[in-house]
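# Architecture at a glance
Letter by letter, the chains look like this.
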Amino acid sequence: MARTQKNKATAHHLGLLKARLAKLRRELITPKGGGGGGPGEGFDVAKTGDARIGFVGFPSVGKSTLLSNLAGVYSEVAAYEFTTLTTVPGVIRYKGAKIQLLDLPGIIEGAKDGKGRGRQVIAVARTCNLILIVLDVLKPLGHKKIIENELEGFGIRLNSKPPNIGFKKKDKGGINLTATCPQSELDTETVKSILAEYKIHNADVTLRSDATADDLIDVVEGNRVYIPCIYVLNKIDQISIEELDIIYKVPHCVPISAHHRWNFDDLLEKIWDYLKLVRIYTKPKGQLPDYTSPVVLPYCKTTVEDFCMKIHKNLIKDFKYALVWGSSVKHNPQKVGKDHTLEDEDVIQIVKK
């Protein structure tokens, strides 16, 4: 691909190569079924709390120190690389939500191909709601690129939205391409050749935004996860104020010092922004609302029905209506059904049949 000129005539050929590359990469990630090995040492940790955050970074950038000082859990810290060998969990309470922090072992270049147990580490990172990429201020910014490449090679897309492409396989009728806006890269030929690479010859493809070949491949593969990510620049106690001012301008980035506990509140605030959790307070009949322990929902599932499911799945069977106070309703209180969408810090009272 590097040797091919990029122009309209070769776009078709490059699309083919990209698809082939993505396919080979996927086969690397999920090896063909071999003989079953014995039960290995477990690597992942049970999910607890309302959200899960993974610390990813090179060895010896201060991930374990950060976990120890944030969550008060002791994760072994020493002056050599790969001190942490398995996942160390910790939990913090912030604004009423329980957030699980995972200190993952350091990853190195080539982790996505299985170097240094990199595969297991990135597999755990895939299950997180937010990834904190911990970087050392003193080391070059090239490290950020390497880690991003490792994660992207494993099907994790950082700080990006899923591409707006509709894709539906069918039994017959060939490939039907509809584009709702002008496309700069994809045309019918390219789409056909990319899908042929996956042995798909009948499908409906709808492009609702200006998409690239990579976007189409992501949608066809279907195993991509889109995770928000914050770059945590550690060890700021070793640089000057002028350098700190420059660092502050980098997007999605928080400078901290894990050892001296500098700027932790800024970090927690940013984590809260990126997690987009919604807190719902409950109110028993004839009593004041309970503001100490909210029910925390992820931002995409905030209807009254989701709230009932979070408490107990039988609650929705006896559900008659709910009374809601807060910013999501016009009147306080207001009677709502189970499809009403709740907002942060609403108060709800559920009336059963």
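Structure report, in brief. All values derive from a computational prediction rather than experimental measurement. (Residues numbered from 1 in each chain as written. Predicted model: local features only at pLDDT ≥ 70, side-chain atom pairs only at ≥ 80, totals over all residues. Heavy atoms only, no water.)

## Some words on the overall build of the chain
- Within the chain, the regular secondary structure consists of nine helices and 16 strands.
- When each of the 353 residues of the chain is scored for burial, the buried share is 43%.
- In the chain, once contacts between residues fewer than 6 apart in sequence are set aside, the share between residues at least 24 apart is 64%.
- Within the structure as shown, the chain displays about 19100 Å² of accessible surface, and the carbon and sulfur contribution to it stands at 53%. (Helix = DSSP H or I, 4+ residues; strand = E, 2+ residues; numbered from the N terminus. Buried < 20%, exposed > 50% of the residue type's maximum accessible area, 1.4 Å probe, protein only. Contact = heavy atoms within 4.5 Å. Areas by Shrake-Rupley, 256 points an atom, 1.4 Å probe, with all protein chains shown as cover.)

## Concerning helix α8 (residues 264-275)
- Taking 1.5 Å per residue, twelve residues should reach 16 Å; α8 reaches 16 Å between its end C-alpha atoms and fits that length.
- Phi turns positive one or two residues past the end of α8, at K276, with a value near 50°. (Expected span 1.5 Å × (residues − 1).)

## A few points about the side chain of S257
- Mapping S257 onto the fold places it in the loop between β11 (253-255) and α8.
- Among the polar contacts listed, one links the side chain of S257 to the backbone nitrogen of H260, at a separation of 3.3 Å.
- The residues touching S257, leaving out its near neighbours within four places in the chain, are N234, K235, I236, D237, W262 and F264. (Polar contact = N/O pair within 3.5 Å; in protein donor to acceptor, adjacent residues only side chain to side chain.)

## Let's talk about the sheet that holds strand β14 (residues 319-325)
- Pairing is mixed in the open sheet, where five strands are placed in the order β13-β12-β16-β14-β15. What marks the edges here is a single partner per strand, and that holds for β13 (290-298) and β15 (334-336). Neighbouring strand axes in the sheet, compared pairwise and without regard to direction, differ in orientation by 40° on average.
- Note: β14 against strand β16 (residues 346-352), six bridges, orientation antiparallel. Bridge pairing links W325 to V347 in β16. (Pairing = 2+ DSSP bridges. Axes fitted to C-alpha atoms, helices over the stretch in contact; angles between N-to-C directions.)

## A short note on the environment of L17
- When you line up the elements, L17 lands in helix α1 (residues 8-29).
- Using a relative accessible area of 24% as the deciding quantity, one classes L17 as partly exposed.

## Re the pattern of salt bridges
- Counted according to the given criterion, the structure contains five salt bridges.
- With a shortest N-O distance of 3.8 Å, K145 and E148 are connected by a salt bridge. Of this pair, K145 and E148 both sit in helix α4 (residues 142-152), three residues apart, roughly one helical turn.
- Among the ionic pairs, K170 bridges to D204, the shortest N-O distance being 2.9 Å. (Salt bridge = Lys/Arg side-chain N within 4 Å of Asp/Glu carboxyl O.)

## Looking at the packing of aromatic side chains
- For the coordinates displayed, the defined rule picks out two aromatic pairs.
- On the basis of an interplanar angle of 70° and a centroid distance of 6.0 Å, the ring pair of Y94 and W272 is categorised as edge-to-face. Residue Y94 is found in strand β2 (residues 88-94), and its partner W272 is found in helix α8; the two are separated by 178 residues along the sequence. In this structure, Y94 and W272 share a single accessibility class: buried.
- Pairing Y281 with Y291 gives two aromatic rings, centres 4.9 Å apart and planes at 75°, and the pair type is edge-to-face. Linking Y281 in strand β12 (residues 277-282) with Y291 in strand β13, this pair joins segments that are ten residues apart in sequence. (Phe/Tyr/Trp six-rings, centres within 6.5 Å; stacked < 30°, edge-to-face > 60°.)

## Some words on the nonpolar core
- Formed by 60 residues in total, the largest nonpolar core has its most connected members in I53, F55, L66, L101, I131 and I133.
- Ignoring anything within four residues of it in the chain, the contact list for I53 reads I99, Q100, L101, L102, C128, L130, L132, I271 and L275.
- In this structure, L186, I194, L207 and A213 belong to the second largest nonpolar core, which totals 18 residues. (Core = buried A, V, L, I, M, F, W, Y, C linked by side-chain atoms within 4.5 Å.)

## Some words on unusual backbone geometry
- With a phi angle near 50°, K276 is a residue other than glycine that sits in the positive phi range.
- Tracing the chain through its elements places K276 in the loop between α8 and β12.
- Taking the relative accessible area as the measure of exposure, K276 reaches 42% and is therefore partly exposed.

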